[in-house]
Amino acid sequence: MFKTVLLATSFIAATALSASAKPQKTSQVPAIARSPVQGGTLYAQRGDAMQFADDVAERRGLDREWVRQAIGQARFLSNVPKLMLPPASGTAKNWRVYRSRFIDPIRIRAGVRFWQEHREALARAEQEYGVPAEIIVGIIGVETIYGQQMGNFRVMDALATLAFDFPAAHPRAKERTEFFRRELEQWLSLANRTNIDPFEVRGSYAGAMGLGQFMPSSWARFAVDFDGDSRIDLFRSPTDAIGSVANYFKGHGWTTGMPTHYAVQFDPALLKLDELLAPDILPTFSAASMQAKGVVLEPAGAAHKGPMALVELQNGGDTPTYVAGTENFYAITRYNWSSYYAMAVIELGREVAAARGKL
């Protein structure tokens, strides 16, 4: 989930790293520029932030003063916590409206250009990781319109804000606070071992970076040097971004050749909708058990061997859209915990593939 980001040359050079490289304490630590951004309280004034800095330095074997300076120079961004709050209670979800935000002529044309320019990398990623090119294209298109909108928030500020001032009104505030503290720690470790100023890099309001909007932990675990130039650059190397997205899905259980979902209808006499929707998007039911609860599957769905979930996509006040999501559908939701997001990725990829076929 933004505005285009321009990175300094030093960042590109600094990202010459293995995704599995371990942080090391160094005698020379990356310089930290004095915060040039106006407005927002510095976290140096917060005792809890400074205690966290000391804990991170000890856990990671990092220079204590460098970590304290990095976190201390981060600024509170007052608009960011508001962006993390869910819609007001009673706000109806609408798949058709959501879809229209991501599947439009501008994004489809950009997707066709991206696929044409990087078809060799996409084909290689599909072969090596088993993830279809259209899924990779769908992700990068939904996330950044193929690099056009990668975010203009300083990653350090965004992560610090969400680590120390995540909105208490959020229903999962404690869990999300812990998540963003882990991401901030991972970002400091990554910046330290690659010798970059952690304030140099810009991304989304949640701290996601690059064409595929990787969080720091995803960068550390799944980013790959797919173009073979001995560095990982998810901002200016579409090839690295393509390989990294594919590797992310492989790491989250993507099964080669498995469809993402099947069409469904219902048998009203047998339908047990509440039971079918109870597990949400987690694949739980066999094809036979879904059918016993009133789901009428298409032939391919009826023959599916793995577990599935009944996915409900609400359409405001109109009848919802339903599909039977497979484990590959669930894998897409590991990128963003939303069935609406997953379906947008799938459908954008399909629309781009169809438009490309018409050239």
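The paragraphs below set out a description of the structure included in this document. All of these numbers come straight from a predicted model, not from anything done at the bench. (Residues numbered from 1 in each chain as written. Predicted model: local features only at pLDDT ≥ 70, side-chain atom pairs only at ≥ 80, totals over all residues. Heavy atoms only, no water.)

**Focus on the nonpolar core**
Okay, step 1: The biggest cluster of nonpolar side chains holds 95 residues, and the ones touching the most others in it are I71 and F249.
Okay, step 2: Ignoring anything within four residues of it in the chain, the contact list for F249 reads V131, I135, I139, W254, A331, I332 and Y335.
Okay, step 3: Counting residues in each nonpolar core, the second largest holds 12 residues, with Y262, L276, V295 and M308 among its members. (Core = buried A, V, L, I, M, F, W, Y, C linked by side-chain atoms within 4.5 Å. Buried < 20%, exposed > 50% of the residue type's maximum accessible area, 1.4 Å probe, protein only. Contact = heavy atoms within 4.5 Å.)

**A few points about the packing of helix 3 (residues 64-73) against helix 10 (residues 173-193)**
Packed helices, taken two at a time, are described by the angle between their axes plus the distance between the axes.
Okay, step 1: At a minimum axis distance of 12 Å, the contact between helix 3 and helix 10 shows a crossing angle of 120°. When the interaxial angle is binned, helix 3 and helix 10 end up oblique. Judged by the sense of rotation from one axis to the other, the crossing of helix 3 with helix 10 is right-handed. Contacts between helix 3 and helix 10 involve W66, V67, A70 and I71 from the first element and L184, L188, A191 and N192 from the second. (Axes fitted to C-alpha atoms, helices over the stretch in contact; angles between N-to-C directions. Helix = DSSP H or I, 4+ residues; strand = E, 2+ residues; numbered from the N terminus. Parallel < 35°, antiparallel > 145°, perpendicular 65-115°, else oblique. Left-handed = near helix turned anticlockwise from the far one by under 90°.)

**Concerning the pairing of strand 3 (residues 261-266)**
Okay, step 1: Of the strand pairs in this sheet, strand 3 and strand 6 (residues 318-325) are connected by three bridges, and their pairing is antiparallel. Bridge pairing links Y262 to A324 in strand 6.
Okay, step 2: With three bridges connecting them, strand 3 and strand 4 (residues 295-297) associate as antiparallel partners. In the sheet register, V264 faces strand 4, and the bridge partner there is L297. (Pairing = 2+ DSSP bridges.)

**Brief notes about the packing of helix 7 (residues 119-129) against helix 12 (residues 238-251)**
Okay, step 1: Viewed as axis vectors pointing N to C, helix 7 and helix 12 meet at an angle of 25°, and their least axial separation amounts to 9 Å. Accordingly, the angle class assigned to the pair helix 7 and helix 12 is roughly parallel. The hand of the helix 7/helix 12 crossing is right-handed. Of the residues in helix 12, those in contact with A121, L122, R124, A125 and Y129 of helix 7 are T239, I242, G243, A246, N247 and K250.
Okay, step 2: Each residue belonging to the contact of helix 7 with helix 12 can be placed in one class, and the counts come to six nonpolar, three polar and two charged. (Nonpolar A, V, L, I, M, F, W, Y, C, P; charged D, E, K, R; others polar.)

**Observations concerning the packing of aromatic side chains**
Note on aromatic pairs: each is described by the distance of the centres and the angle between the planes.
Okay, step 1: Tallied over the full model, the rule gives 20 aromatic pairs.
Okay, step 2: Ring geometry for F52 and F164: centres 5.5 Å apart, planes at 80°, overall edge-to-face. Highlighted residues: F52 in helix 2 (residues 47-60) and F164 in helix 9 (residues 155-164), separated in sequence by 112 residues.
Okay, step 3: The class of F52 is buried, set by a relative accessible area of 8%.
Okay, step 4: With 5.9 Å between their ring centres and 90° between their planes, Y248 and F249 make a pair best called edge-to-face. For the pair shown, Y248 and F249 are each scored as buried.
Okay, step 5: Taken together, F214, F222, Y248, F249, W254, Y335 and Y341 form an aromatic cluster joined through their ring pairs. (Phe/Tyr/Trp six-rings, centres within 6.5 Å; stacked < 30°, edge-to-face > 60°.)

**Observations concerning unusual backbone geometry**
Okay, step 1: One non-glycine residue with positive phi stands out, namely I145, at about 50°.
Okay, step 2: Within the secondary structure layout, I145 lies in the loop between helix 8 (133-144) and strand 1 (153-154).
Okay, step 3: The residue Q213 is not glycine, and still its phi comes out positive at about 55°.
Okay, step 4: Looking at the element boundaries, Q213 is found in the loop between strand 2 (202-203) and helix 11 (216-222).

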